[in-house]
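Chain residues, written in single-letter form:
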Amino acid sequence: MLVLSVVLKGLIGGTLVVAFALIGETVRPRGLAGITSAAPSIAAAALLVTLLTTGAASARALSLGMIAGAVALVVWCLVGVEAVKRMGGARGSLAATAVWLAAAFALWGVVLQ
Amino acid sequence: MNGAAATEMRRAERPGAERLQVDLGRLRLIRPWEYAIRFGFGFPMSVIAAVIGELAGPRVGGLFLAFPAILVATVTLVEKKEGVGQAATDVRGATFGAIGLIAFAVVVSALVDRSPSLALVGALLAWIVVSGVAYLGVRGLLRVTGERQYLPEIPTSDAATLVGILIARGMTVATADSLTGGTLSALVCSVPDARRVFRAGLVAPIGDLTKLPRPISETSREVAASRGGRPSLNGHQVDYMIERLSCNALRWQSGDRLDLQPGQPGAAPWPRPAPLEPSRSVRGMPAVARSG
């Protein structure tokens, strides 16, 4: 059951990622299309499967953690613009990801524990 | 002035403001491997977030529901297809999506105990509304405050690298621009010390190499030959001539040869100056450094 739910989250999450990416490809300007790059595709898949398998309490706990992760994602974006411009897409976004990890766990440690 | 002309004039006053539009035809441009890459990032990231949640608890798992793995993939793809400027713009747009993601999570946490289905639907709507309003709000604010985006989103730090290398080598550069409408020269000249290396620039209609004056390829070649092989433009002899560029992104590798077709203006071989530190990878536009 556990393996099934994990695989299901992966399949639905992957599909939603592609779906939102397709929406982003059709929309212009690029700034507007960028919104879909931060779409809740993985989150929606995880929450849906969690609700079906474990229940609302687990889903609520997931969403609380996600608030901290999303705030850290805003930080990632703010840092990522300059990082991408200076270091390129791959290296810049990976460098910004280090910032996300620091911000996310700082928020988790301060607010969620 | 009729309505259409007035609309075009207002649009011309905002050279950086691209219209909001949905173009379904762009879906035909997406290659199958792009679907695979995106699914290839989405599937494992969802699995990893789920496994982390099982091992460390749902709150930690929830953190990773906002992990930027998809953004990393998207930014890399956009840079490959449209250049680093558009990739940076994509990240800028993702900021609004991330703000909407906060709203998504808040709505779920607030409603999921009462009605799970309402929580999910409401959360998705909250993401759409908050992201969209934030984006349109900032866009409108920029319009009201009169912000103009003169140059496209290009990292000027790359031009600074080029200028720095030229200063260190005691070299000079000119530009012959048939693809960027002058952005190339503006980019180089945006560097404070550019006057020490930049000698001249020429702008031809975008995409029309035939409009580049013949003197660039003929007279200058003759001049270059008589003066020991240095290209010149408008009487200015330089060490490097930056001519042909990638249209989508101002990217260059120092010392690389350009792939101009024989017979095109500027396609005649130039004597090649000493390459600019070929081991150093810099990002910008292809430079003309060809040997005869």
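See the structure above.
Model, not experiment: these values are computed from the prediction.

J.: Just to check I follow, could you spell out the environment of A:Ala39 for this structure?
T.: All names here are of chain A. You can see Ala39 is positioned in the loop between α2 (30-33) and α3 (41-53). According to the relative accessible area criterion, Ala39 is buried, its value standing at 12%. As for Ala39 and Val17, which are separated by 22 residues in sequence, their C-alpha atoms are 7.9 Å apart.

J.: Looking at this structure, I do not really get the environment of B:Val112. What am I missing?
T.: Tracing the sequence through the fold places B:Val112 in the loop between α5 (84-111) and α6 (116-144). The class of B:Val112 is buried, set by a relative accessible area of 1%. When the C-alpha positions of B:Val112 and B:Gly122 are compared, they lie 10.0 Å apart, and in sequence the two are ten residues distant. Ignoring any residue separated from it by four or fewer positions in sequence, one finds B:Val112 in contact with A:Leu51, A:Ala56, A:Ala59, A:Arg60 and B:Ala119.

J.: What is the right way to look at the pattern of salt bridges in this model?
T.: Opposite charge on two side chains permits them to pair, given that their charged atoms come into close proximity. Overall, the coordinates contain five salt bridges over all chains when judged by the stated rule. Via salt bridges that share partners, A:Glu25, B:Glu34 and B:Arg38 belong to a single interconnected network.

J.: Mind showing me how you'd approach a nonpolar patch on the surface here?
T.: Nonpolar side chains collect at one region of the surface, where B:Val121, B:Leu124, B:Leu125, B:Ile128, B:Val129 and B:Val133 lie side by side and expose about 530 Å² of accessible area between them. Counting through the fold element by element, B:Leu124 comes out in helix α6.

J.: So what exactly am I meant to see when it comes to the interface of chain B and chain A here?
T.: The parts lose accessible area when they come together, and the size of an interface is often stated as this lost area. If you look at the interface, chain B gives 77 residues, while chain A gives 75 residues. Buried surface at the junction of chain B and chain A, summed over both partners, amounts to about 6,700 Å²; 76% is from carbon and sulfur atoms. Counting the surface chain B buries against chain A, the share from its top three residues, B:Arg59, B:Leu63 and B:Leu65, is 11%. Put simply, chain B and chain A have two salt bridges between them. Across the salt bridge formed by B:Asp113 and A:Arg60, the nearest N and O atoms sit 3.7 Å from each other. Our enumeration of links across chain B and chain A arrives at nine residue pairs in polar contact (both at pLDDT 80 or more). Elements with a contribution of two residues or more to the side of chain B that touches chain A: β1 (21-22), α2 (32-56), α3 (58-63), α4 (69-82), α5 and α6 of chain B. With 22 residues, α5(B) is the largest single contributor of residues to the side of chain B that touches chain A. Considering only residue class, the side of chain B that touches chain A consists of 46 nonpolar, 15 polar and 16 charged. Of the strand pairs in this sheet, strand β1 (residues 27-28) of chain A and β1(B) are connected by two bridges, and their pairing is antiparallel.

Criteria and thresholds
Residues numbered from 1 in each chain as written. Chains lettered and ligands numbered in written order. Predicted model: local features only at pLDDT ≥ 70, side-chain atom pairs only at ≥ 80, totals over all residues. Heavy atoms only, no water. Helix = DSSP H or I, 4+ residues; strand = E, 2+ residues; numbered from the N terminus. Buried < 20%, exposed > 50% of the residue type's maximum accessible area, 1.4 Å probe, protein only. Contact = heavy atoms within 4.5 Å. Salt bridge = Lys/Arg side-chain N within 4 Å of Asp/Glu carboxyl O. Patch = residues over 30% accessible without salt bridge, like charges linked within 9 Å, V, L, I, M, F, W, Y side chains within 5 Å. Areas by Shrake-Rupley, 256 points an atom, 1.4 Å probe, with all protein chains shown as cover. Buried area = accessible area lost by both parts, 1.4 Å probe. Polar contact = N/O pair within 3.5 Å; in protein donor to acceptor, adjacent residues only side chain to side chain. Nonpolar A, V, L, I, M, F, W, Y, C, P; charged D, E, K, R; others polar. Pairing = 2+ DSSP bridges.

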